Amino acid sequence: MTRKRIGILGGTFDPIHVGHLALARAARDALALDEVRFVPTGQSWQKGQVVAGAAQRLEMVRLTLAGEPGLVVDAREAQRDGPSYTVDTLAELRRELGPEPALVLLLGSDQLHNLPTWHRWQELLGLAHLACTQRERVSLANLPAPIEALLQAHGRQTLPDAAAGAVVLFSMPPVPVSATALRAQLARGERPSGLVAPAVLDYIEFNQLYGPTQARRT
Ligand code: ATP
């Protein structure tokens, strides 16, 4: 296989945790990805107000990925003014990288259920493949009708040798952690070691992120 395969993992990463890392590693190994790019959102249009600023979330991703082979950070959304739309990011990457490499958008099952609410989501498959995995207890069954139809039309057992256009599923061991639960733990003054990289926990403490008054999203 000579076509380069680049995984894209978007998220608020507020904060980044071991579930994100496990997803990226599982995708890298299962789909033979050459790299996975973590793309922290700038202004998230879906999640309302995020707690840490874009630069802080970007830095926490940088600290977590330091020394991880094949996992890199992509700052473009965090540095973009206005709302972050995945379709714009993929179009920009496609313009930069050209038609040859395969782009593979990675999604947990919660986001797959959510996909029909995304801005211009029908255009995503023209730019990238979609690769989805089950997130803890969020089943890959009972998907919204437009997603079932997408799977019927474009679902494949394995990634084809193409730059875009297929939907595949891959498995990962369940990692029961969410940024929401972590923010609540941090707000209670707990140090969730094992769920967040030690350098990120130090960064959170130093910058006093996710304290009792900041941990809740509006
Ligand atoms: P929040 O709790 O604030 O909504 P989150 O933990 O869901 O945040 P995001 O940054 O929204 O994190 O997630 C980015 C991507 O990572 C999504 O595709 C999501 O499905 C996936 N993901 C997050 N946590 C896990 C996990 N524990 N296991 C597998 N995938 C995950």
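Owing to the predicted nature of the structure, the values given are computational and were not obtained by experimental measurement. (Residues numbered from 1 in each chain as written. Predicted model: local features only at pLDDT ≥ 70, side-chain atom pairs only at ≥ 80, totals over all residues. Heavy atoms only, no water.)

**Thoughts on the packing of aromatic side chains**
What the rule picks out here adds up to 1 aromatic pair. Centre to centre, the rings of phenylalanine 13 and phenylalanine 38 are 5.6 Å apart; their planes meet at 35 degrees, and the pair counts as tilted. Pair noted here: phenylalanine 13 is in the loop between strand S1 (5-11) and helix H1 (18-30) and phenylalanine 38 is in strand S2 (residues 35-40), with a separation of 25 residues, a long-range link. Overall, phenylalanine 38 belongs to the buried group, its relative accessible area being 0%. (Phe/Tyr/Trp six-rings, centres within 6.5 Å; stacked < 30°, edge-to-face > 60°. Helix = DSSP H or I, 4+ residues; strand = E, 2+ residues; numbered from the N terminus. Buried < 20%, exposed > 50% of the residue type's maximum accessible area, 1.4 Å probe, protein only.)

**Comments concerning the nonpolar core**
Counting residues in hydrophobic clusters, the biggest one holds 35 residues, and the most contacted among them are Leu9, Leu31, Val36, Phe38, Met60, Leu106 and Phe170. At the level of secondary structure, the elements contributing two or more residues to this core comprise H1, S2, helix H2 (54-65), strand S4 (102-108), helix H7 (179-187) and helix H8 (198-206). Ranked by residue count, the leading element in this core is H1, at 6 residues. When neighbours within four sequence positions are excluded, methionine 60 is seen to be in contact with Phe13, Pro15, Ile16, Ala52, Val200, Tyr203, Ile204, Leu209 and Tyr210. The next biggest cluster of nonpolar side chains, apart from the first, holds 23 residues, and it includes Trp118, Trp121, Leu125 and Cys132. (Core = buried A, V, L, I, M, F, W, Y, C linked by side-chain atoms within 4.5 Å. Contact = heavy atoms within 4.5 Å.)

**Thoughts on unusual backbone geometry**
For the bond running from aspartate 14 to proline 15, omega is 5 degrees, close enough to zero to count as cis. Relative to the helices and strands, proline 15 resides in the loop between S1 and H1. Unusually for a residue other than glycine, tyrosine 210 sits at a positive phi of about 60 degrees.

**Some remarks on the pairing of S2**
Counting buried positions along S2 gives 6 out of 6 residues, so the element sits mostly inside the fold. Because side chains alternate across S2, one face comprises the buried residues Glu35, Arg37 and Val39, and the other comprises Val36, Phe38 and Pro40, equally buried. In terms of strand pairing, S1 meets S2 through 6 bridges, oriented parallel. Bridging across to S2, glycine 11 finds its partner in proline 40. One crossover worth recording links S1 to the parallel S2 by way of H1, and it is right-handed. As defined by bridge partners, S2 adjoins strand S3 (residues 71-73) across 3 bridges and the pair is classed as parallel. By the bridge assignment for S3, valine 36 is matched with leucine 71. (Pairing = 2+ DSSP bridges. Right-handed = clockwise from strand over helix to strand, strands pointing away.)

**As for the pairing of S4**
S4 sits mainly inside the fold: 7 of its 7 residues count as buried. Because side chains alternate across S4, one face comprises the buried residues Ala102, Val104, Leu106 and Gly108, and the other comprises Leu103, Leu105 and Leu107, equally buried. Of the pairings in the sheet, the one linking S1 to S4 comprises 4 bridges and is parallel in character. Opposite isoleucine 8, over in S4, you have leucine 105 as the bridge partner. Pairing geometry for S4 and strand S5 (residues 129-133), over 5 bridges, is parallel.

**Structural notes on the side chain of threonine 64**
The topology assignment puts threonine 64 in helix H2. For threonine 64, a relative accessible area of 10% translates into the label buried. Once you skip the residues sitting within four places of it in the chain, threonine 64 turns out to touch Ile16, Leu21, Ala197 and Val200.

**Let's talk about the sheet that holds S5**
On the basis of which strands lie adjacent, the open sheet formed by 6 strands has the order S3-S2-S1-S4-S5-S6 and parallel pairing. Of all strands in the sheet, those bounded by a partner on one side alone are S3 and strand S6 (167-169). Neighbour-to-neighbour, the strand axes of this sheet turn through a mean angle of 30 degrees, independent of strand direction. Set on the sheet, H2 makes contact with S2 and S3; between it and S3 the angle comes to about 155 degrees. Relative to the sheet, helix H3 (residues 86-97) contacts S1, S2 and S4, its axis offset from that of S4 by approximately 155 degrees. (Axes fitted to C-alpha atoms, helices over the stretch in contact; angles between N-to-C directions.)

**Structural notes on the side chain of arginine 5**
Inspection of the secondary structure puts arginine 5 in strand S1. The side chain of arginine 5 is buried and forms no salt bridge, while aspartate 161, the nearest opposite charge, is found at 6.0 Å. In terms of polar contacts, arginine 5 uses its side chain to reach the backbone carbonyl oxygen of leucine 159, at 3.3 Å. Leave out the neighbours within four places in its chain, and arginine 5 touches Leu31, Ala32, Leu33, Asp34, Glu35, Ala102, Leu159 and Pro160. (Lys, Arg positive; Asp, Glu negative; His and termini not counted. Salt bridge = Lys/Arg side-chain N within 4 Å of Asp/Glu carboxyl O. Polar contact = N/O pair within 3.5 Å; in protein donor to acceptor, adjacent residues only side chain to side chain.)

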